[in-house]
Amino acid sequence: MLMGDRITRRTLLKGLGTAIALPWLEGMLPPIFSAEASAAAKAAAPKRMAFFYVPNGVNMEHWTPTADGVDFKLPSILDPLEPFQKKLNVITGLAADKARPHGDGPGDHARAMSAFLTGAQPRKTAGADIKVGISADQIAALKVGKNTPFSSLELGCEKGQQAGNCDSGYSCAYSSNISWRGESTPMAKEVDPRQVFERLYGGEFKDETPAARAKRELYNKSILDLVGEDAKQLSGKLGATDKRKLDEYLDCIRQIELRITRAEQAAKVEAPATAAKPAGIPKEYPEHAKLMLDMLVLAFQTDMTRISTFVFANDGSNRPYKFVDVPEGHHDLSHHQGNKEKLEKIRTINRFHMEQFAYFLGKLNDIKEGSGTLLDQCMLLYGSGIGDGNKHNHDDLPIVLAGSGGGTIKTGRHIRYKKEIPLANLYVSMLERMDVPVETFGDSNGKLSDLI
């Protein structure tokens, strides 16, 4: 950038009906010359926070490291995280007490998911009088979300119902949502990549009719066509490094567009004539997951949001995983009763989910921001509200926390806590690092001081 032509984090590439945010560029730094001032400016990059949920517990034997501290080996399920081991913590021993029955009987899957981020006991009902509590992500979104176009993004790969009886007298809303705006207001996740893309980049197009959108797509092959002139003008003012970053970013947007379009075209071929308009959801689950994760990367990279949740599948999901040679339903397998063959298939499913998370971490780690990478600016919690699916236990939960939250978390460790430390204690500590301090949250009884 030339002096006097400084751009900001809020600079947009604009076109008819759309506006595209920019990634972090060196040209966004103020025109200062001291190394100390430059380092301070880079360190001021915003922190992000996201929560990733997997259902039905895990094969704990192949999840839990045997050694504590820094000298630990990642077990087979966590092995995909090896490139990022120094940038994450494996956390053992935390509990979600409010996912337990406490006199309410069966319904562990509904309670596991609804209590995971709220630390609150869901009211047992299959009617409209659902009640649990506000979730940690939405506590942050209420404050941090004021600084971004979207206060939060709720994403996933399995839609789920918002009403009806899904688990032993519990509403489907409980087993379909981890994000809750209020105690009776779930934040339904979006699973259609096209809808997410249009939400991020659609601008004035968000309320257009299907016919109008089809006409726009016919004449505008890419949303980048609408901002092409703006992008060309900006590129001419950038230095070589920033120009390369901008080109890579715009190419990533285009590739996502193409992948969504291919999924829609495939769905049109496969859908019967009487079916509703197909969504842009890829047929194969791995591609679906990666496409959604790629859009979350873009949302974080451009500071469209700093808060997100991502659900790989609803709790109690019986999805088969044929693409990794597991044709049986996930929930059915989770009731393994110690059967070695079933346990091995659970391990395979768990490892597949972890590979998707590792893919996401890799994308973030490749993006430079501030004095490090985008991953360094994040706190990314991955876990489940159930430990062992056969036991339906809600203690000793499988938890990974990736990223250092802008250098506020000491990473590269396996931290083992004594039993019955509330999972909500971790959320209190994470919220504090997002500059959203809370005295208590859910069933918390303190903070996790070992994170420092």
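Quick summary incoming for the structure in this document. (Residues numbered from 1 in each chain as written. Predicted model: local features only at pLDDT ≥ 70, side-chain atom pairs only at ≥ 80, totals over all residues. Heavy atoms only, no water.)

## Considering the packing of aromatic side chains
How two aromatic rings sit relative to each other is set out by the distance from centre to centre and by the angle between their planes.
At step 1: According to the stated counting rule, one finds 20 aromatic pairs in the structure shown.
At step 2: Look at Tyr174 and Trp180: their rings are 5.9 Å apart centre to centre, the planes differ by 25°, and that puts the pair in the stacked class.
At step 3: According to the relative accessible area criterion, Tyr174 is buried, its value standing at 0%.
At step 4: Relative to Phe352, the ring of Phe323 lies with its centre 4.9 Å away and its plane at 55°, an arrangement referred to as tilted. Placement of Phe323 in the loop between β11 (320-321) and β12 (326-329) and of Phe352 in helix α11 (residues 340-365) is noted, with a sequence separation of 29 residues between them.
At step 5: Residue Phe323 is classed as partly exposed on the basis of its relative accessible area of 30%.
At step 6: Members of the aromatic cluster, connected to one another through ring pairs, are Phe52, Trp63, Phe310, Phe312, Phe357, Phe360 and Tyr382.
At step 7: The ring of Tyr359 carries Lys290 above its face, with NZ or CZ at 5.1 Å from the centroid. (Phe/Tyr/Trp six-rings, centres within 6.5 Å; stacked < 30°, edge-to-face > 60°. Buried < 20%, exposed > 50% of the residue type's maximum accessible area, 1.4 Å probe, protein only. Helix = DSSP H or I, 4+ residues; strand = E, 2+ residues; numbered from the N terminus. Lys NZ or Arg CZ within 6 Å of the ring centre and 35° of its normal.)

## As for the pairing of strand β15 (residues 378-383)
Two faces belong to every sheet, and in a regular strand the side chains alternate between them.
At step 1: Taken across its 6 residues, β15 has 6 buried, putting it largely inside the fold.
At step 2: With burial as the criterion, each face of β15 is covered, one bearing Cys378, Leu380 and Tyr382 and the other bearing Met379, Leu381 and Gly383.
At step 3: Examined bridge by bridge, strand β3 (residues 48-53) and β15 share 6 bridges and lie parallel to one another. Bridging from a neighbouring strand, Phe51 pairs with Leu381 of β15. (Pairing = 2+ DSSP bridges.)

## Quick notes on the pattern of salt bridges
At step 1: Per the stated rule, a full pass over the model turns up 19 salt bridges.
At step 2: Close ionic contact of Arg48 with Glu369 constitutes a salt bridge, the shortest N to O distance being 2.4 Å. Residue Arg48 is found in strand β3, and its partner Glu369 is found in strand β13 (residues 368-369); the two are separated by 321 residues along the sequence. Each member of the pair, Arg48 as well as Glu369, is classed as buried. (Salt bridge = Lys/Arg side-chain N within 4 Å of Asp/Glu carboxyl O.)

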